Amino acid sequence: MKKKILLIATGGTIASQAGTDGLTPQLKAETLLKCVPEIYAFCDVDTVQVYNIDSTNITPNHWICLAQTIKENYEKYDGFVVCHGTDTMSFTAAMLSYMVQNSPKPIVLTGSQQPIDKEDTDGRINLRDSFLYAASDIASDVVIVFQGQIIAGTRAKKVRTKSFNAFTSVDFPVLGVIRDGKIIPYIITPKSDKPAFFLELDEKVGLLTLTPGQKGDILDAYFRFYDGVVLSGYGTGGIPEGDYYGFYDVITSWEGKGKTLVVTTQVQQEGSDMSVYRVGRGLKNRFALLESYSMTYESIIAKLMWILAITKEDSEVEKLFYKTVNYDLIG
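Here the structure is a predicted model, which means the values were calculated and not measured. (Residues numbered from 1 in each chain as written. Predicted model: local features only at pLDDT ≥ 70, side-chain atom pairs only at ≥ 80, totals over all residues. Heavy atoms only, no water.)

Visitor: Looking at this structure, I do not really get the overall build of the protein. What am I missing?
Guide: Tallying secondary structure elements over the protein gives 9 helices and 18 strands in all. At 21 Å, the protein has a C-alpha radius of gyration in line with the 20 Å of a compact globule built from 331 residues. Projected onto its principal axes, the C-alpha coordinates of the protein cover approximately 65 × 50 × 30 Å. Long-range contacts, defined as pairs at least 24 residues apart, comprise 72% of the intrachain contacts of the protein with a sequence gap of at least 6. (Helix = DSSP H or I, 4+ residues; strand = E, 2+ residues; numbered from the N terminus. Rg over C-alpha atoms; globule rule 2.2 N^0.38 Å. Contact = heavy atoms within 4.5 Å.)

Here you go:
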């Protein structure tokens with residue numbers, strides 16, 4: 001029997017058309033499907049249009065809406081394809097990895113770098129490949145399918161603004177590839193019995209990326225506004241020390257006030273290791289902070305929003321942060 005797949009349309013470039021102010025999402029889910037009629041040969045499809053926005057405008061409320069839509073329809077379908085803008089697709093894929101954990105049914109995100117009704121679009125093949133994977137027996141959990149690559153939802157990052165091969169899998173192999181209409185799996189995720197849904201998020205999570213000479217005052221402002229702060233340092237996770245910068249004083253002043261600090265690195269590959277240099281080891285030895293290791297920016301932020309909606313107890317936050325979800329922590 002054919003698999004039954006739900007297309008969840010959210011807008012993005014794939015659904016855009018040109019206007020006086022530039023590309024704007026306008027096409028609805030049914031129109032997208034008409035561009036790839038070949039998918040009906042291997043699956044049955046229903047559609048739902050949850051919103052129609054440029055993904056630059058996405059908010060945590062949109063993520064909650066997506067997760068709620070999947071939960072409400074979970075028993076009716078064998079898999080889900082989410083059409084999404086590429087600019088924040090990595091964030092959404094990471095977030096859905098935490099909001100719908102251990103899903104035995106695939107949740108596939110895709111989109112395109114060119115609108116689907118353009119002659120030279122990448123949208124049609126991306127959408128076809130996504131349905132092909134969603135309808136396969138090996139598929140599960142949250143992934144991005146784009147330009148023939150199957151990427152775990154917590155490992156994806158957009159690395160090109162215009163080229164069709166827009167996404168890469170950071171520090172982790174792609175789960176497989178799709179070539180000439182055939183799925184070639186490299187890693188098959190074991191399927192669980194049922195998913196765990198989480199529909200609440202703490203929006204107060206912020207990312208502060210350091211630049212040379214930047215002082216601790218800005219970190220203090222972040223602690224005032226956010227429950228969780230991701231501090232992105234240099235190299236293996238180095239944070240400037242000394243009176244000129246004042247970061248140690250700021251962190252000291254916020255100890256015991258219910259704030260969570262995660263230190264990561266600005267370097268895309270190979271992750272953090274704060275034990276290597278004094279500028280990392282000194283900070284980690286002195287303060288109760290979390291280190292991101294191999295996690296991407298997108299996964300750190302999404303994971304903190306998920307965790308801090310559940311608990312702000314330091315020991316529980318740490319326990320959940322270091323729990324591996326959909327390949328987010330490796331090595």
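Visitor: What is the right way to read the sheet that holds strand β12 (residues 176-179) from this model?
Guide: Two strands in a sheet stick together by hydrogen bonds in their backbones, pointing the same way (parallel) or opposite ways (antiparallel). Reading across from one edge, β4-β1-β5-β7-β8-β9-β12-β13 is the order of the 8 strands in this open sheet, with mixed pairing throughout. On the outer flanks of this sheet lie β4 (43-53) and β13 (182-185), each paired with one strand and no other. The sheet shows a mean angle of 25° between the axes of neighbouring strands, direction not considered. The pairing of β12 with β13 spans 4 bridges and is antiparallel. Of the residues in β13, the one forming a bridge with glycine 176 is proline 185. (Pairing = 2+ DSSP bridges. Axes fitted to C-alpha atoms, helices over the stretch in contact; angles between N-to-C directions.)

Visitor: What is the right way to read the packing of aromatic side chains from this model?
Guide: The geometry of an aromatic ring pair is captured by two quantities: the separation of the ring centres and the angle between the planes. Per the stated rule, a full pass over the model turns up 15 aromatic pairs. A centroid spacing of 5.0 Å and a plane angle of 65° characterise the contact between phenylalanine 146 and phenylalanine 167, whose relative ring orientation is edge-to-face. Placement of the pair is phenylalanine 146 in strand β8 (residues 142-146) and phenylalanine 167 in strand β11 (residues 167-169), with a sequence separation of 21 residues. Given the relative accessible area of 1%, phenylalanine 146 is considered buried. An aromatic cluster is present here, built from Tyr74, Tyr77, Phe80 and Phe197 joined pairwise through their rings. In this structure, lysine 215 packs its charged tip against the face of tyrosine 244, placed 4.4 Å from the ring centre. (Phe/Tyr/Trp six-rings, centres within 6.5 Å; stacked < 30°, edge-to-face > 60°. Buried < 20%, exposed > 50% of the residue type's maximum accessible area, 1.4 Å probe, protein only. Lys NZ or Arg CZ within 6 Å of the ring centre and 35° of its normal.)

Visitor: Hey, could you run me through the layout of surface pockets in this one?
Guide: Estimates place the volume of the largest pocket at around 390 Å³. Taken together, 18 residues make up the lining of the largest pocket; nearest its centre are Lys259, Leu261, Ala288, Leu289 and Asp314. Elements supplying a minimum of two residues to the lining of the largest pocket: β17 (260-265) and α9 (314-321). Of the residues contributing to the lining of the largest pocket, the split by class is 10 nonpolar, 3 polar and 5 charged. (1 Å grid on protein atoms, 1.4 Å probe; cavity = no way out; pocket = protein on both sides within 12 Å on 5 of 7 lines; lining within 4 Å. Points joined across faces, edges and corners; volume = space filled by probe spheres on them. Nonpolar A, V, L, I, M, F, W, Y, C, P; charged D, E, K, R; others polar.)

Visitor: When you look at empty space enclosed by the protein in this model, what are you seeing that I'm missing?
Guide: Leftover empty space is mapped by rolling, across the atoms, a probe with the size of a water molecule. Within the structure shown, the criterion is met by 1 cavity of 30 Å³ or more. In this structure, the largest cavity occupies an estimated 100 Å³ of space. What lines the largest cavity is a set of 16 residues, and nearest its centre among them are Tyr133, Ile138, Leu175, Ile187 and Thr189. Secondary structure elements with two or more residues in the lining of the largest cavity: β8 and β13.

Visitor: I tried to follow the sheet that holds strand β16 (residues 228-233) on my own but got confused; where do I start?
Guide: The sheet built from 4 strands is open, its strands ordered β15-β16-β17-β18 with parallel pairing. Of all the strands in the sheet, the pair left with one neighbour each is β15 (205-209) and β18 (290-291). Taken together, the 6 bridges between β16 and β17 define a ladder with parallel strand orientation. Within the sheet, the bridge partner assigned to glycine 233 lies in β17 and is threonine 265.

Visitor: What is the right way to read a nonpolar patch on the surface from this model?
Guide: A cluster of nonpolar side chains, Val276, Tyr277 and Val279, forms an exposed patch at the surface whose accessible area comes to about 270 Å². Within the secondary structure, valine 279 sits in helix α7 (residues 278-286). Overall, valine 279 belongs to the partly exposed group, its relative accessible area being 32%. (Patch = residues over 30% accessible without salt bridge, like charges linked within 9 Å, V, L, I, M, F, W, Y side chains within 5 Å. Areas by Shrake-Rupley, 256 points an atom, 1.4 Å probe, with all protein chains shown as cover. Salt bridge = Lys/Arg side-chain N within 4 Å of Asp/Glu carboxyl O.)

Visitor: Honestly, the pairing of β17 in this entry has me stumped. Any pointers?
Guide: A regular strand carries its side chains on alternate faces of the sheet. Of all 6 residues in β17, 6 are buried; the element is thus mostly enclosed. Both faces of β17 are covered, namely the face carrying Thr260, Val262 and Thr264 and the face carrying Leu261, Val263 and Thr265. The β-α-β motif built from β16, the intervening helix α6 (residues 247-253) and the parallel element β17 has right-handed crossover chirality. Looking at chain direction, β17 and β18 are connected through 2 bridges and run parallel. (Right-handed = clockwise from strand over helix to strand, strands pointing away.)

Visitor: Sorry if this is basic, but what is going on with the packing of helix α2 (residues 60-73) against helix α3 (residues 89-99) here?
Guide: Packed helices, taken two at a time, are described by the angle between their axes plus the distance between the axes. Two elements in contact, α2 and α3, have axes whose closest approach is 10 Å; the angle formed by their N-to-C orientations is 50°. Classified by the angle between their axes, α2 and α3 sit oblique to one another. Regarding α2 and α3, the two cross each other, and that crossing is right-handed. Of the residues in α3, those touching α2 at Trp63, Ile64, Leu66, Ala67 and Ile70 are Phe91, Thr92, Met95, Leu96 and Met99. Its residues placed into classes, the contact of α2 with α3 shows 9 nonpolar, 1 polar and no charged. (Parallel < 35°, antiparallel > 145°, perpendicular 65-115°, else oblique. Left-handed = near helix turned anticlockwise from the far one by under 90°.)

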